[in-house]
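One-letter residues, chain by chain:
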Protein chains: 2
Amino acid sequence: MSRFWSKTTKCITPYVPGEQPRDKKYIKLNTNENPYPPSTRVYDAIRDANNSSIRLYPDPDATELKSALSAYYKVGADEVFVGNGSDEVLAFCFPAFFNREDAICFLDITYSFYPVYAEFFGVDYKTVSLRSDFTVPLDDFPECTRGIFLANPNAPTGIALDVTEIEALVERLPNTLIIVDEAYVDFGARSMVEITKKHDNLLVVQTFSKSRQMAGLRVGYAIGNTGLIEGLKRIKNSFNSYTLDRIAQKAAVAALEDDQYFIRTCEKIIKTREDAAKKLMELGFKVLPSKANFLFISHDKFSGKEIFSGLKREGILVRHFPRPRIDNWLRITIGTDEEMNILIEKLKDLML
Amino acid sequence: MSRFWSKTTKCITPYVPGEQPRDKKYIKLNTNENPYPPSTRVYDAIRDANNSSIRLYPDPDATELKSALSAYYKVGADEVFVGNGSDEVLAFCFPAFFNREDAICFLDITYSFYPVYAEFFGVDYKTVSLRSDFTVPLDDFPECTRGIFLANPNAPTGIALDVTEIEALVERLPNTLIIVDEAYVDFGARSMVEITKKHDNLLVVQTFSKSRQMAGLRVGYAIGNTGLIEGLKRIKNSFNSYTLDRIAQKAAVAALEDDQYFIRTCEKIIKTREDAAKKLMELGFKVLPSKANFLFISHDKFSGKEIFSGLKREGILVRHFPRPRIDNWLRITIGTDEEMNILIEKLKDLML
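Residues numbered from 1 in each chain as written. Chains lettered and ligands numbered in written order. Predicted model: local features only at pLDDT ≥ 70, side-chain atom pairs only at ≥ 80, totals over all residues. Heavy atoms only, no water.

### Points about the overall build of chain A
On a plain count of helices and strands, chain A comes out with eleven helices and 13 strands. A globule of 352 residues ought to have a C-alpha radius of gyration of about 20 Å, and chain A, at 20 Å, matches this closely. When its C-alpha atoms are laid out on the principal axes, chain A stretches across 60 × 50 × 50 Å. When the 352 residues of chain A are sorted by exposure, 64% land in the buried category. Considering only residue pairs separated by 6 or more positions, chain A has 72% of its internal contacts joining residues 24 or more positions apart. As presented, chain A carries roughly 13,200 Å² of accessible surface, and 50% of it is formed by carbon and sulfur atoms. Taking the 46 positively charged and 48 negatively charged side chains of chain A as two groups, their mean positions are separated by 5 Å. (Helix = DSSP H or I, 4+ residues; strand = E, 2+ residues; numbered from the N terminus. Rg over C-alpha atoms; globule rule 2.2 N^0.38 Å. Buried < 20%, exposed > 50% of the residue type's maximum accessible area, 1.4 Å probe, protein only. Contact = heavy atoms within 4.5 Å. Areas by Shrake-Rupley, 256 points an atom, 1.4 Å probe, with all protein chains shown as cover. Lys, Arg positive; Asp, Glu negative; His and termini not counted. Charge placed at Lys NZ, Arg CZ, Asp CG, Glu CD.)

Here's what the structure looks like:
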């Protein structure tokens with residue numbers, strides 16, 4: 001505490017990322033990282049960028065990366081914004097599109113950074129409750145809201161909505177900016193990217209951290225109409241001109257180029273997820289139908305906290321959220337088949 | 001423009017970084033980059049970090065880097081904050097320490113990002129005018145100000161203040177947070193880092209972009225008492241948990257380890273600066289006494305704009321600020337001796 005803290009600093013409750021313990025080697029199934037290494041093209045790109053140009057500022061507009069994303073997603077380069085992870089992109093959405101007197105909306109159970117941003121930027125928010133089966137009641141989003149953050153698939157549940165359902169929301173609320181956070185979309189859900197061309201109130205946010213194995217390099221992006229993208233650029237350039245470093249920009253371009261590897265690793269994770277879901281159900285777990293690289297599970301006979309602690313003792317980290325409605329649930333990242341088999345065996349031991 | 005732009009987005013005037021043209025190869029003396037490559041230890045660290053751990057999130061607390069900085073500067077690890085370039089660190093200072101109703105102060109001619117931040121975060125500001133010789137009238141900073149941003153050496157003038165002068169300001173205004181932006185301090189000025197131990201109203205901000213040849217990797221830091229650092233951490237964790245990627249963290253640690261190379265390249269730049277200043281004065285330029293890796297110059301017979309355009313045509317980029325009081329001046333980054341000799345020759349040609 002310092003006498004120079006602002007009211008904001010005193011009042012905010014910062015986001016708490018999943019733990020990264022250093023006391024011993026864990027099987028890390030707690031932060032939704034990809035179990036596979038990045039594409040070898042990423043290694044090559046980093047090796048090639050490891051030269052004296054490090055002394056020079058990066059391209060503040062990330063021209064090459066934006067053009068690669070624009071070609072990949074078949075949108076204009078001015079319909080793409082890139083930032084330091086999708087977290088930074090989501091953060092920039094607040095000052096870009098919402099005023100202090102505005103109210104925005106998101107689900108009661110969703111990515112827990114949304115309320116932190118809202119508090120930080122002083123934007124009021126309301127939540128819409130998931131149904132008791134954790135599905136999303138899109139019709140409950142009210143009309144008089146300036147913006148909606150919608151994670152699809154939702155986190156930590158993994159449940160996905162159809163493109164047509166979200167488009168119906170976008171059409172029902174034409175004066176609301178719908179920001180669809182697709183951090184996990186590549187693991188079996190369908191993206192809204194194509195639909196951004198039809199609606200000026202739809203912005204899609206994605207990341208290289210999950211499906212492209214690059215959580216360590218911090219690259220995220222948004223796709224939407226040029227006016228929305230221009231707004232994000234104005235905010236970025238009033239905060240930090242260069243948030244994406246040279247090596248991260250080059251590595252991201254390389255990751256996009258290796259589409260085969262991307263497709264193959266996504267398919268592997270989906271297959272591992274389905275196998276693990278089946279085995280967990282055989283152990284008596286409730287397992288929500290997931291389209292993400294994690295499963296959300298609970299058990300009638302053992303509390304979430306109990307299983308979390310038991311697994312941690314056994315060297316396996318998963319994520320437990322001590323929050324209303326979900327404190328008996330665990331979010332388990334999909335690792336390799338081998339890691340998931342160890343998880344299942346340890347769970348069997350714990351439940352004996 | 002989008003109908004979803006917030007008032008902030010509509011009203012702000014974003015910062016404009018120095019141009020990074022791609023039409024041809026220039027001698028780049030416009031963005032104060034270091035003319036020398038990074039230490040070979042930086043290359044080694046990047047090579048070693050180019051592995052499958054890229055799939056994992058970086059350490060959100062940058063423990064290793066903070067501990068290296070703490071050892072280097074002989075301060076506690078909890079007296080160090082790291083961010084994505086000193087620009088991000090400076091940006092975080094606003095919500096961390098200033099409320100919307102507060103007024104802060106900086107010089108009328110200084111780093112032009114300060115007013116952009118202030119406008120973005122809605123903090124009121126007043127400016128104190130440099131004297132006609134561009135020296136800093138520290139006594140003119142008023143008492144009733146919540147914070148002062150002071151670049152030392154100042155940019156774009158290069159003029160430095162003594163540690164004792166700044167400490168006198170810190171003591172005269174005990175209820176004002178003095179943020180000393182030392183981006184250029186390693187080129188001949190003295191740092192306030194040691195003094196931070198004595199005063200809870202002093203925060204020092206530095207960067208790896210200039211003296212450590214790493215503009216491309218975006219690493220900046222702040223040193224101050226634990227309360228101030230804790231405030232910055234709370235803000236960062238409400239905005240983006242991981243703003244420094246894995247490779248940048250490792251590279252920065254390696255750069256700190258090679259102190260000999262750091263000292264040698266700083267000395268070279270200082271020597272080149274003094275030689276260039278002498279030659280420019282021989283050509284009739286006014287040259288401010290600089291302790292930075294740039295010179296601020298003007299000529300009675302040729303306008304700043306004219307020389308800027310002439311040099312650009314000849315393949316040399318320098319920085320011209322079309323702003324009151326300094327629109328006849330040019331800021332010229334110190335390159336290699338060879339680059340500075342070409343600059344001098346081209347200037348001679350232009351002035352024939």
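### Regarding the relation of the copies chain A and chain B
Turning chain A through 180° and shifting it by 0.0 Å along the axis lays it on chain B, with an RMSD of 0.0 Å. The superposition operator between the copies reduces to a two-fold rotation axis. No C-alpha of chain A lies nearer the rotation axis than that of Arg47 of chain A, which sits 3.4 Å from it. Mapped onto chain B, 100% of the interface residues of chain A again fall at the interface, so both copies present the same surface. (Least-squares fit on C-alpha atoms with pLDDT ≥ 70 in both.)

### Here's the deal with the sheet that holds strand E9 (residues 285–287) of chain A
All names here are of chain A. If you trace the four strands from one edge of the open sheet to the other, you get E9-E10-E13-E12, paired in antiparallel fashion. Each edge of the open sheet is held by one strand with a lone partner, namely E9 and strand E12 (319–320). In the sheet, strand E10 (residues 294–299) pairs with strand E13 (residues 329–333) via five bridges, with the strands oriented antiparallel. Bridge pairing in E13 places Ile297 opposite Leu330. (Pairing = 2+ DSSP bridges.)

### Some points on the packing of helix H4 (residues 85–97) of chain A against helix H7 (residues 226–236) of chain A
Residues and elements named next belong to chain A. Where H4 meets H7, the closest approach of the two axes is 9 Å, and the angle between their N-to-C directions is 100°. By the angle class used here, H4 and H7 are roughly perpendicular. Each of Val89, Phe92, Cys93, Pro95, Ala96 and Phe97 in H4 lies in contact with H7, whose residues at this interface are Leu228, Gly231, Leu232, Ile235 and Lys236. Of the residues assigned to the contact of H4 with H7, the class counts are nine nonpolar, one polar and one charged. (Axes fitted to C-alpha atoms, helices over the stretch in contact; angles between N-to-C directions. Parallel < 35°, antiparallel > 145°, perpendicular 65-115°, else oblique. Nonpolar A, V, L, I, M, F, W, Y, C, P; charged D, E, K, R; others polar.)

### Description of the sheet that holds strand E2 (residues 80–83) of chain B
Residues and elements named next belong to chain B. Spatially, seven strands are ordered E2-E8-E7-E6-E5-E3-E4 in an open sheet, and the strand pairing comes out mixed. Two strands lie at the open edges of the sheet, namely E2 and strand E4 (124–128), each paired on one side alone. Strand-to-strand twist across the sheet, computed as the mean angle between neighbouring axes with direction ignored, equals 20°. The sheet contact formed by strand E7 (residues 202–207) and strand E8 (residues 220–223) spans four bridges and is antiparallel. For Thr207, the partnering residue across the bridge sits in E8 and is Gly220. Packed onto the sheet, helix H7 (residues 226–236) meets E2, strand E6 (177–181), E7 and E8 and runs at close to 30° relative to E2.

### A word on unusual backbone geometry
A cis amide bond, omega -5°, links Asn152 of chain B with the succeeding residue Pro153 of chain B. Checked against the element boundaries, Pro153 of chain B lands in the loop between strand E5 (147–151) and helix H6 (163–172). Looking along the chain, the bond that leaves Ala155 of chain B and enters Pro156 of chain B is cis, with omega of 0°. Within the secondary structure, Pro156 of chain B is located in the loop between E5 and H6. The residue Gln213 of chain A is not glycine, and still its phi comes out positive at about 60°. Along the polypeptide, Gln213 of chain A turns up in the loop between strand E7 (202–207) and strand E8 (220–223).

### Section: the domain arrangement of chain A
All names here are of chain A. When its domains are assigned, chain A resolves into domain 1 (19–37 + 260–350) and domain 2 (40–257). The distance between the C-alpha centroids of domain 1 and domain 2 comes to 25 Å. For the pairing of domain 1 and domain 2, the buried interface totals around 2,200 Å² over both sides, and the portion due to carbon and sulfur atoms is 61%. It is Phe262, Lys291 and Arg325 in domain 1 that bury the most area against domain 2; as a group they hold 31% of the surface buried on that side. Taken together, the links from domain 1 to domain 2 amount to one salt bridge. Residues Asp108 and Arg325 are paired through a salt bridge, measuring 2.7 Å at the closest nitrogen-oxygen approach. Our enumeration of links across domain 1 and domain 2 arrives at eight residue pairs in polar contact (both at pLDDT 80 or more). For the side of domain 1 that touches domain 2, the secondary structure elements donating two or more residues are helix H9 (259–282), E10 and E13. At seven residues, H9 tops the list of elements feeding residues into the side of domain 1 that touches domain 2. In terms of residue class, the side of domain 1 that touches domain 2 is made up of 15 nonpolar, six polar and six charged. (Domains from an automatic or database assignment. Buried area = accessible area lost by both parts, 1.4 Å probe. Salt bridge = Lys/Arg side-chain N within 4 Å of Asp/Glu carboxyl O. Polar contact = N/O pair within 3.5 Å; in protein donor to acceptor, adjacent residues only side chain to side chain.)

### A few points about the environment of Leu150 of chain B
Residue and element names in this part refer to chain B. Here Leu150 is to be found in strand E5. Note: C-alpha distance between Leu150 and Ser53 (97 residues apart in sequence) is 39 Å. Apart from the residues within four sequence positions on either side, Leu150 is in contact with Leu107, Tyr114, Val136, Leu138, Phe141, Leu161, Ile166, Leu169, Ile179, Val180 and Asp181.

### Here we look at the pairing of E2 of chain B
Residues and elements named next belong to chain B. Judged by which residues are buried, E2 turns out to be covered on both faces: Val80 and Val82 on one side and Phe81 and Gly83 on the other are all buried. Where E2 and E8 come together, four bridges link them in antiparallel fashion. Bridge assignment links Phe81 to a residue of E8, and that residue is Ala222.

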